[in-house]
Amino acid sequence: MGKIVEFDHPLIKHKLTIMRNKNTGTKEFRELLTEITMLMGYEITRDLKTKDVEIETPVAKTSSKMITGKKLAIIPILRAGLGMVDGLLQLIPNAKVGHLGLYRDPETLKPVEYYSKFPEDITSRDIFIVDPMLATGGSSVAAIDVLKKNGAKSIKLINLVAAPEGIAEVQKYHSDVDIYVAAIDEKLNDHGYIVPGLGDAGDRIFGTK
Ligand code: PRP
Ligand code: URA
């Protein structure tokens, strides 16, 4: 079974509380999302492989570590996932970025795919799927389905807020995928919104309604 990592860090909890507040505006919401994604990225990238390289400092020759091994791809689920791309790119600027357009039908709550564009060599990359919200889990399960159909083998799912129902759904269909989340909330409401959550992440990032 893939692991579930819920971040227990004061900076992440503090910033997320500001994001949850309905009075927090778009600009601050976006900035905080980037900051939290960077903080999460520190842990998410912990298992990247390193190798020793020989370098010369101003003082001496030495052997020192650099990242090696498989390359990375960040795949945001549109739209809201776009808000997590910059935070990860600041840490891993050479990662490729693919895009997957999914929206959740408001009646059925089922995901509808409308766009996809992935790096050519996706089969040999470690994939970070990013989306702030894991609610029913339908969008994340669909995103992982699409990526696996395109040959992706190593996938991590990175969310800001998750409902227990969404985590269970991803584990049911994709037990190989690790899930990293800043907070696991209480439940879903009758409209499939996370409670207490932070509302509609896409609308809060982009200032739409
Ligand atoms: C939101 C969110 C997830 C999805 C989560 O996107 O960003 O992609 O809902 O819900 P689920 O786990 O029940 O599938 P939305 O469909 O609102 O699209 P948007 O990002 O374009 O606003
Ligand atoms: N999508 C969101 O943006 N927020 C939720 O709470 C659930 C789905």
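Note that the coordinates shown come from a computational prediction; the quantities given were computed from them, not determined experimentally.

Asks: Teacher, can you tell me more about the packing of helix α1 (residues 10–20) against helix α2 (residues 26–44) here?
Replies: The relative placement of two packed helices comes down to the angle between their axes together with the axis-to-axis distance. One can describe the packing of α1 onto α2 by two numbers: an axis separation of 10 Å at closest approach and a directional angle of 155°. For the element pair α1 / α2, the angle class is roughly antiparallel. Crossing of α1 over α2 shows left-handed handedness. Between α1 and α2, the contacting residues are Leu 11, Ile 12, Lys 15, Leu 16, Ile 18 and Met 19 on the first element and Glu 28, Phe 29, Leu 32, Leu 33, Glu 35, Ile 36, Leu 39 and Met 40 on the second. Class assignment of the residues belonging to the contact of α1 with α2 gives a composition of eleven nonpolar, no polar and three charged.

Asks: Hey, could you run me through the site of ligand 1 in this one?
Replies: The local shell around ligand 1 holds 15 residues, among which Arg 104, Asp 131, Ala 135, Thr 136 and Ser 139 are the closest. Separating an oxygen atom of ligand 1 from a backbone N or O atom of Arg 104 is a distance of 2.7 Å. At 2.4 Å, a side-chain N or O of Asp 131 approaches an oxygen atom of ligand 1. Relative to its free-state accessible area of 500 Å², ligand 1 is covered by the protein chains to the extent of 90%. Of all the secondary-structure elements, those providing two or more residues to the shell around ligand 1 are β6 (99–104), β9 (133–134) and α4 (138–149). A per-class count over the shell around ligand 1 returns six nonpolar, five polar and four charged.

Asks: So what exactly am I meant to see when it comes to the side chain of Asp 131 here?
Replies: Summarising the element assignment, Asp 131 is placed in the loop between β8 (125–130) and β9. Here Asp 131 sits buried without a salt bridge, and the closest side chain of opposite charge, Arg 104, lies 9.2 Å off (N-O distance). Ignoring sequence-local partners within four residues, the contact set of Asp 131 consists of Ile 77, Ala 80, Gly 81, Met 84, Ile 158, Asn 159 and Leu 160.

Asks: Hey, could you run me through the site of ligand 2 in this one?
Replies: Around ligand 2, the neighbouring residues are Arg 104, Met 133, Ala 135, Gly 192, Tyr 193, Ile 194, Gly 199, Asp 200 and Ala 201. Take Ile 194: an N or O atom from its main chain is 2.8 Å from an oxygen atom of ligand 2. Gly 199 places a main-chain nitrogen or oxygen 2.8 Å from a nitrogen atom of ligand 2. Burial of ligand 2 by the surrounding chains reaches 88%, relative to a free accessible area of 240 Å². Here the residues of the shell around ligand 2 sort into five nonpolar, two polar and two charged.

About the thresholds
Residues numbered from 1 in each chain as written. Chains lettered and ligands numbered in written order. Predicted model: local features only at pLDDT ≥ 70, side-chain atom pairs only at ≥ 80, totals over all residues. Heavy atoms only, no water. Axes fitted to C-alpha atoms, helices over the stretch in contact; angles between N-to-C directions. Helix = DSSP H or I, 4+ residues; strand = E, 2+ residues; numbered from the N terminus. Parallel < 35°, antiparallel > 145°, perpendicular 65-115°, else oblique. Left-handed = near helix turned anticlockwise from the far one by under 90°. Contact = heavy atoms within 4.5 Å. Nonpolar A, V, L, I, M, F, W, Y, C, P; charged D, E, K, R; others polar. Near = heavy atom within 4 Å. Polar contact = N/O pair within 3.5 Å; in protein donor to acceptor, adjacent residues only side chain to side chain. Areas by Shrake-Rupley, 256 points an atom, 1.4 Å probe, with all protein chains shown as cover. Buried < 20%, exposed > 50% of the residue type's maximum accessible area, 1.4 Å probe, protein only. Lys, Arg positive; Asp, Glu negative; His and termini not counted. Salt bridge = Lys/Arg side-chain N within 4 Å of Asp/Glu carboxyl O.

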